[in-house]
Amino acid sequence: MYEANLRRFARTHQRAIDSGQLNLWLWRDGDNTYHLKGLFVDEEIAVLTGNNLNPRAWALDLENGLLLRDQSRQLVAQHEAEWQSLRSHATRVAHYHDLPGARSYPPEVRKLLRRLRRVRLDSLIGRLL
């Protein structure tokens, strides 16, 4: 469901991805993935959180987050070093087609997703995620 949501999000916002206004990066090192959300607004403001970045999550989730405001820009070099480290195993999503679709899932998973879609439980589960 997470992969389907990400693919749908990327498809909806493909124009922003094309223009460079939105950058989606996928981190993978072997079988390991990294699940953290962050926004680098500029060299002064950054948000780091485990929260999903959507209205539902902001209203319901109680995860901690950090808003960093670095007016003197003392953290710029540290942010850049961290970003370079993350990018060593990350790839930028240039197009939503770069994300795996349902056809790449194992047959059992595809069958389950079809059943959920048929009774419209997929949208309910998506909202819960």
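Everything below is about the structure shown above.
Residues numbered from 1 in each chain as written. Predicted model: local features only at pLDDT ≥ 70, side-chain atom pairs only at ≥ 80, totals over all residues. Heavy atoms only, no water.

**Quick notes on the sheet that holds strand β6 (residues 90-92)**
Neighbouring strands of a sheet are bound in pairs by backbone hydrogen bonds; such pairs are parallel or else antiparallel.
Move 1: The three strands are arranged β2-β1-β6 in an open sheet whose pairing can be described as antiparallel. At either margin of the open sheet sits one strand with a lone partner, and together these are β2 (32-33) and β6.
Move 2: Relative to β2, strand β1 (residues 25-29) runs antiparallel, the two being bridged by two bridges. Across the sheet, the residue bridging to Asp29 is Asn32, located in β2. (Pairing = 2+ DSSP bridges. Helix = DSSP H or I, 4+ residues; strand = E, 2+ residues; numbered from the N terminus.)

**Concerning the packing of aromatic side chains**
Move 1: For the structure shown, the criterion picks out one aromatic pair.
Move 2: The interplanar angle of 85° and the centroid separation of 5.3 Å between the aromatic rings of Trp25 and Trp83 together place this pair among those described as edge-to-face. Taken together, the positions of Trp25 in strand β1 and Trp83 in helix α4 (residues 76-87) put the pair 58 residues apart, joining distant regions of the chain.
Move 3: What makes Trp83 partly exposed here is its relative accessible area of 24%. (Phe/Tyr/Trp six-rings, centres within 6.5 Å; stacked < 30°, edge-to-face > 60°. Buried < 20%, exposed > 50% of the residue type's maximum accessible area, 1.4 Å probe, protein only.)

**Some thoughts on the pairing of strand β3 (residues 37-40)**
Move 1: Here four bridges tie β3 to strand β4 (residues 45-49), and the two strands are oriented antiparallel to one another. Within β4, the position partnered with Leu39 by the bridge is Val47.
Move 2: Where β3 hands over to β4, the hairpin turn is made up of four residues, counted between the paired strands.

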